[in-house]
Amino acid sequence: GVFNAATVNPAEKVEEDGTLPVAVTVEERKLRRIGAGATYSTLDGFGAEAFWLHRNLWGRAERLRIEGGVSGVDGSFNAGNYDYRLGATLGLPGRFTPDTDITLSALADREVLDSYTRTGAETSVGVVHYQSNRLTWSGSLFVDYAEFEDAMGKRRLGLVGGSAGLEYDARNDPLDSTAGFFASASATPFYEWEFGNPAVQFDGEVRAYQALGDGGRTVLAGRVTAGSIIGPAPAFLPPDRLYFAGGGTSVRGFAYRSIGGADSTTTGGKSLIEASAEIRQGVTDTISV
C-alpha cells in the first residue's frame, strides 16, 4: 500500500566476499487519500460513506484510516432508524517480526436490524502473524460497551476480553477455488461487567472444493460452520455476540441475521451449526453458474 511500483535489479557480478549487490528502486504512492460513496436499496433506502487515509505515517508503512457513514435513510426520514458508523484504524505492519502486523481500532456505531438495535462503542488491539503461506494465527484484546433493544427489552452490556485464532488455507486459488480446503478456529473469552458474567465463545469453519473431470469446469464446494457460547442465558449476553443465520454468506433467501431462536421471536441463540453445498459450473472462461 505504500509503493506504486518497485523494481529489483541485481548487479552484474558477485563481490569478493560472495555477496551480490541488489538495487531496489521504488515509486511511492501519494501519502493521503480521500474517498466517498453512496448507495441506494429499495429495501434499506439511501446510504453514504466517506474516508480519509494517510499512508506511511511515520515512515514504516503505517496506515491510518478514519471513516464514517450513514445508511438506512428511507422515506420516513426517521433518524432513529438509521445506521451510523464513525471509526479510526491504525495499521502497523512488520512489528516484532517482518511477518507480524498490529492493528489498533476504535469505533462508535448504531446498527438497526430486524432482530435488534445496537448503539455503542468499542476499541481493540489485534495482532496477526503469517507463519507461512498457508498458516496464519491472530489474537486481540477488546473493550465493548453498548445499549441494545430487542424482544427481551432494553439493556446495557459491557465486555472486556480477548480472542485467539488460527487459519489454514490449502486452496489452490482463494478467489476461484477448484481444489483444497480452508479451515479456521477461534476462542474468545470475555467478561460482561454490568451483570457480572464470564463467558467463552468457540467458533470453527471448514470449506472444501473438488473439481470433476479434466477441464475443472464443474466444481463441488461445501462448507460447515459451528459455534457455541459457554456462559449465561442469552438475555445477559449482547445480541451481536449471539448466533443468527441468514444472508448471502449464510442461508440464502433469508435476510441478514434474521434467523435465530426457537420460537416466532428472533432473539439469537448460544449455539449454531450451519452447512451448505453447491455445484459450480463454468460456462465460459469468465462466466459460471
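Our subject is the structure listed above.
Let me begin by describing the structure that accompanies this report. (Residues numbered from 1 in each chain as written. Predicted model: local features only at pLDDT ≥ 70, side-chain atom pairs only at ≥ 80, totals over all residues. Heavy atoms only, no water.)

### So, unusual backbone geometry
Alright, step 1. You will see that Asn-56, though not glycine, has its phi angle at about 55°, which is positive.
Alright, step 2. Within the fold, Asn-56 resides in the loop between strand E4 (45–55) and strand E5 (63–73).
Alright, step 3. Its relative accessible area of 17% is what places Asn-56 among the buried residues.
Alright, step 4. You will see that Ala-61, though not glycine, has its phi angle at about 65°, which is positive.
Alright, step 5. Here Ala-61 lies in the loop between E4 and E5. (Helix = DSSP H or I, 4+ residues; strand = E, 2+ residues; numbered from the N terminus. Buried < 20%, exposed > 50% of the residue type's maximum accessible area, 1.4 Å probe, protein only.)

### Notes on the packing of aromatic side chains
Alright, step 1. One pass over the structure, following the stated rule, counts seven aromatic pairs.
Alright, step 2. Taking 4.7 Å as the distance between ring centres and 45° as the angle between the ring planes, the aromatic pair formed by Tyr-40 and Phe-46 counts as tilted.
Alright, step 3. Among the aromatic side chains, those forming a connected cluster through ring pairs are Tyr-116, Phe-148 and Phe-244.
Alright, step 4. Arg-65 extends its terminal NZ or CZ atom over the ring of Phe-51, reaching a point 4.0 Å from the ring centre.
Alright, step 5. Taking the ring centre of Phe-190 as reference, the NZ or CZ of Arg-241 above it sits at 5.7 Å. (Phe/Tyr/Trp six-rings, centres within 6.5 Å; stacked < 30°, edge-to-face > 60°. Lys NZ or Arg CZ within 6 Å of the ring centre and 35° of its normal.)

### Structural notes on the pattern of salt bridges
Alright, step 1. Scanning the model with the defined rule gives 16 salt bridges in all.
Alright, step 2. Between Glu-62 and Arg-95 there is a salt bridge, with the nearest N and O atoms lying 2.8 Å from each other. In this pair, Glu-62 sits in the loop between E4 and E5 while Arg-95 sits in the loop between strand E6 (83–92) and strand E7 (100–112), placing the two residues 33 residues apart along the sequence.
Alright, step 3. Here Arg-207 makes a salt bridge to Glu-205, at a shortest N to O gap of 3.2 Å.
Alright, step 4. What makes Glu-205 buried here is its relative accessible area of 17%. (Salt bridge = Lys/Arg side-chain N within 4 Å of Asp/Glu carboxyl O.)

### Section: the layout of surface pockets
Alright, step 1. Here the largest pocket defines a volume of roughly 970 Å³.
Alright, step 2. What lines the largest pocket is a set of 40 residues, and nearest its centre among them are Ser-186, Gln-201, Asp-203, Thr-225 and Tyr-243.
Alright, step 3. For the lining of the largest pocket, the elements supplying multiple residues, two or more each, are strand E8 (116–130), strand E9 (135–150), strand E10 (153–169), strand E11 (179–192), strand E12 (197–212), strand E13 (218–230) and strand E14 (271–281).
Alright, step 4. Across the lining of the largest pocket, the residue classes break down as 13 nonpolar, 19 polar and eight charged.
Alright, step 5. Every element with two or more residues in the lining of the second largest pocket is listed here: strand E3 (32–41), E4, E5 and E7.
Alright, step 6. By residue number, the principal contributor to the lining of the second largest pocket is E4, which donates three residues.
Alright, step 7. Here the residues of the lining of the second largest pocket are counted per class, giving six nonpolar, eight polar and six charged. (1 Å grid on protein atoms, 1.4 Å probe; cavity = no way out; pocket = protein on both sides within 12 Å on 5 of 7 lines; lining within 4 Å. Points joined across faces, edges and corners; volume = space filled by probe spheres on them. Nonpolar A, V, L, I, M, F, W, Y, C, P; charged D, E, K, R; others polar.)

Taken by themselves, the reported measurements are silent on function.
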